[in-house]
Amino acid sequence: MKQISDESIRQAMQQAFPAADARVSLFYEMQEYHLGWRDAQLAPTHADSGKLLRPRFCLLACAAVGGNPEQAAPLAAAIQLLHDFSLIHDDIEDHSPTRRGRETVWKLWDVPQAINVGDGMFTLAQLSLFRLSDVGVEASVVVEIARRFNQTIIRLCEGQYLDMSFEQRLDISEADYLAMISRKTAALIAAAAGLGAILGNANREQATALYNWGEALGLAFQIEDDMLGIWGAEAVTGKPDAHDIWGRKKSLPIIHALAHADADDGKTLAAIYQKSELEASDIPTVLAILERTGSQGYTAGVAKFYHEQALAALADLQGEAEPIAELHGLTKQLLGRVK
Ligand SMILES: CC(C)=CCC/C(C)=C/COP(=O)(O)OP(=O)(O)O
């Protein structure tokens, strides 16, 4: 299968945009800014558009079961537009000032416009999905994919609900956390692979193996994201250092530390996570507690466990050797990622 370029994914996403009247051009330019296609002055550019993993997974899953990835391009674009919509709203929900190394849409144009830009991108994702009919996909298959796509969005919103509800709580168990990330992150990665497989006319075993691969990889991916949110380098991640500590996210390292710290550290950590605003000196305090509880090593071990599950799901997949090998390579590359 020929290499999937960032440019081919971008072109497929661009097809979802309507020809804009000058009166509403800023509405689309703000979307293109988020996507890395325009700079903050709204001049065309090629900035960081993210890793584009989900559309790649979708196209590779389609090819892995013998389908035509060109026909899956509108689906891959819809999946990336949906992911980008979720990031625009997530940045508002988390008050995040930066994403992919630049200011977020709400920071530049304020919250009301950013909500609307997100809504626009959500709808472009749906419109992209319906473009499948224009490339010869049978109406019944489009309806089935649209239904599953929207079931995925509901899971994603449930995950965001849980994540936000955890802000008020200190008693989050690892099972609560896994229930949250399986919705917020793994559902879309699993859907990217599962829907790509359905579009490629997969049999039940193939679709299940690819869905299971995506789900396990999605869990590992989010757990590693949690590690990057604490220990990642701003120059590489595009997010400020210790971003998730500043945001008092109940991510896996913190859940582990709250459960395993000694009495003094437990009290200190709980007090910091109940503050309405942190001070700079709280960051090294939290990092030192995480060090004492061994929470980084523990979290890395859990991520590795789900990575291995993903590799095992892929080992069960019967299909086209080359795209399966690419999925295998991507899975391995993502273990211990730095971005
Ligand atoms: C519902 C929400 C908001 C879930 C967020 C999940 C997540 C890990 C986002 C970053 O993905 P990424 O690392 O693939 O981002 P990018 O597209 O920038 O590469």
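- Per an unreviewed UniProt entry, the protein chain goes by Polyprenyl synthetase and derives from Herpetosiphon geysericola.
- Turning to the protein chain, the UniProt annotation filed under Sequence similarities (unreviewed entry) states: "Belongs to the FPP/GGPP synthase family."

## Some points on the site of the ligand
Okay, step 1: The environment of the ligand is made up of 15 residues, and the closest members are Lys 51, Arg 54, His 83, Arg 100 and Gln 222.
Okay, step 2: At 2.8 Å, a side-chain N or O of His 83 approaches an oxygen atom of the ligand.
Okay, step 3: Counting only elements with at least two residues in the shell around the ligand, the list comes to helix H4 (73-93), helix H7 (139-166), helix H8 (174-199) and helix H9 (204-231).
Okay, step 4: Per-element tally for the shell around the ligand: the top contributor is H4, with four residues.
Okay, step 5: Considered class by class, the residues forming the shell around the ligand number three nonpolar, six polar and six charged.

## Points about the packing of H4 against helix H6 (residues 111-130)
Okay, step 1: Their axes nearest at 8 Å, the elements H4 and H6 cross at an angle of 165 degrees. In terms of orientation, H4 lies roughly antiparallel with respect to H6. At the point where H4 passes H6, the crossing takes the left-handed sense. Contact residues: Pro 74, Leu 75, Ala 77, Ala 78, Leu 81, Leu 82, Asp 84, Phe 85, Ile 88, His 89 and Ile 92 in H4; Val 111, Ala 114, Ile 115, Val 117, Gly 118, Asp 119, Met 121, Phe 122, Leu 124, Ala 125, Ser 128 and Leu 129 in H6.
Okay, step 2: A per-class count over the contact of H4 with H6 returns 18 nonpolar, three polar and two charged.

## Observations concerning the environment of Glu 32
Okay, step 1: Tracing the chain through its elements places Glu 32 in helix H2 (residues 25-34).
Okay, step 2: Accessibility expressed as a relative area gives 15% for Glu 32, which makes it buried.
Okay, step 3: The spatial distance from the C-alpha of Glu 32 to the C-alpha of Val 286 is 37 Å, given a sequence separation of 254 residues.
Okay, step 4: A polar atom in the side chain of Glu 32 sits 2.8 Å from the side chain of Arg 38.

## Here's the deal with the packing of aromatic side chains
What characterises a pair of aromatic rings is the spacing of the ring centres plus the angle enclosed by the ring planes.
Okay, step 1: If you walk through the whole model with that rule in mind, you get seven aromatic pairs.
Okay, step 2: Ring geometry for Phe 17 and Trp 37: centres 5.7 Å apart, planes at 50 degrees, overall tilted. Of the two residues, Phe 17 is situated in the loop between helix H1 (6-14) and H2 and Trp 37 in the loop between H2 and helix H3 (53-64); the sequence distance between them amounts to 20 residues. Trp 37 matches Phe 17 in its accessibility class, with the two residues each being buried.
Okay, step 3: Geometrically, the ring pair formed by Phe 27 and Tyr 28 is edge-to-face, given 4.8 Å between the ring centres and 70 degrees between the ring planes.
Okay, step 4: For Phe 27, a relative accessible area of 21% puts it in the partly exposed group.
Okay, step 5: Residue classification places Tyr 28 among the buried positions, given a relative accessible area of 15%.
Okay, step 6: Every member of this aromatic cluster is reached through a ring pair, and the members are Phe 17, Phe 27, Tyr 28 and Trp 37.

## Focus on the pattern of salt bridges
If the charged atoms of two oppositely charged side chains come close together, the side chains can form a pair.
Okay, step 1: With the rule as written, the count across this model stands at 21 salt bridges.
Okay, step 2: Across the salt bridge formed by Asp 94 and Lys 249, the nearest N and O atoms sit 3.3 Å from each other. In this pair, Asp 94 is assigned in the loop between H4 and strand E1 (98-99) and Lys 249 in the loop between helix H11 (243-246) and helix H12 (252-260), connecting sequence segments 155 residues apart.
Okay, step 3: On the basis of relative accessibility, which here comes to 13%, the residue Lys 249 falls in the buried class.
Okay, step 4: Here Glu 158 ties to Arg 155 by a salt bridge, and the two come within 3.9 Å at their closest N and O atoms. Placement of both Glu 158 and Arg 155 in helix H7 is noted, with a separation of three residues, approximately one turn of the helix.
Okay, step 5: On the accessibility criterion, Glu 158 (32% relative accessible area) is partly exposed.
Okay, step 6: What you see here is one network of salt bridges that share partners, running through Asp 94, Asp 163, Lys 184 and Lys 249.

## Observations regarding the nonpolar core
Okay, step 1: The biggest cluster of nonpolar side chains holds 73 residues, and the ones touching the most others in it are Phe 57, Leu 75, Leu 81, Phe 149 and Trp 213.
Okay, step 2: Top element by residues in this core is H4. It accounts for 10 residues.
Okay, step 3: Setting aside chain neighbours within four positions, we find Trp 213 in contact with Phe 57, Ala 193, Ala 310, Ala 313, Leu 314, Leu 327 and Thr 331.
Okay, step 4: Counting 15 residues, the second-largest nonpolar core is a separate cluster that includes Leu 162, Phe 166, Ile 223 and Tyr 306.

Criteria and cut-off values
- Residues numbered from 1 in each chain as written.
- Predicted model: local features only at pLDDT ≥ 70, side-chain atom pairs only at ≥ 80, totals over all residues.
- Heavy atoms only, no water.
- UniProt positions renumbered as here; feature names shortened; annotations may be inferred.
- Near = heavy atom within 4 Å.
- Polar contact = N/O pair within 3.5 Å; in protein donor to acceptor, adjacent residues only side chain to side chain.
- Helix = DSSP H or I, 4+ residues; strand = E, 2+ residues; numbered from the N terminus.
- Nonpolar A, V, L, I, M, F, W, Y, C, P; charged D, E, K, R; others polar.
- Axes fitted to C-alpha atoms, helices over the stretch in contact; angles between N-to-C directions.
- Parallel < 35°, antiparallel > 145°, perpendicular 65-115°, else oblique.
- Left-handed = near helix turned anticlockwise from the far one by under 90°.
- Contact = heavy atoms within 4.5 Å.
- Buried < 20%, exposed > 50% of the residue type's maximum accessible area, 1.4 Å probe, protein only.
- Phe/Tyr/Trp six-rings, centres within 6.5 Å; stacked < 30°, edge-to-face > 60°.
- Salt bridge = Lys/Arg side-chain N within 4 Å of Asp/Glu carboxyl O.
- Core = buried A, V, L, I, M, F, W, Y, C linked by side-chain atoms within 4.5 Å.

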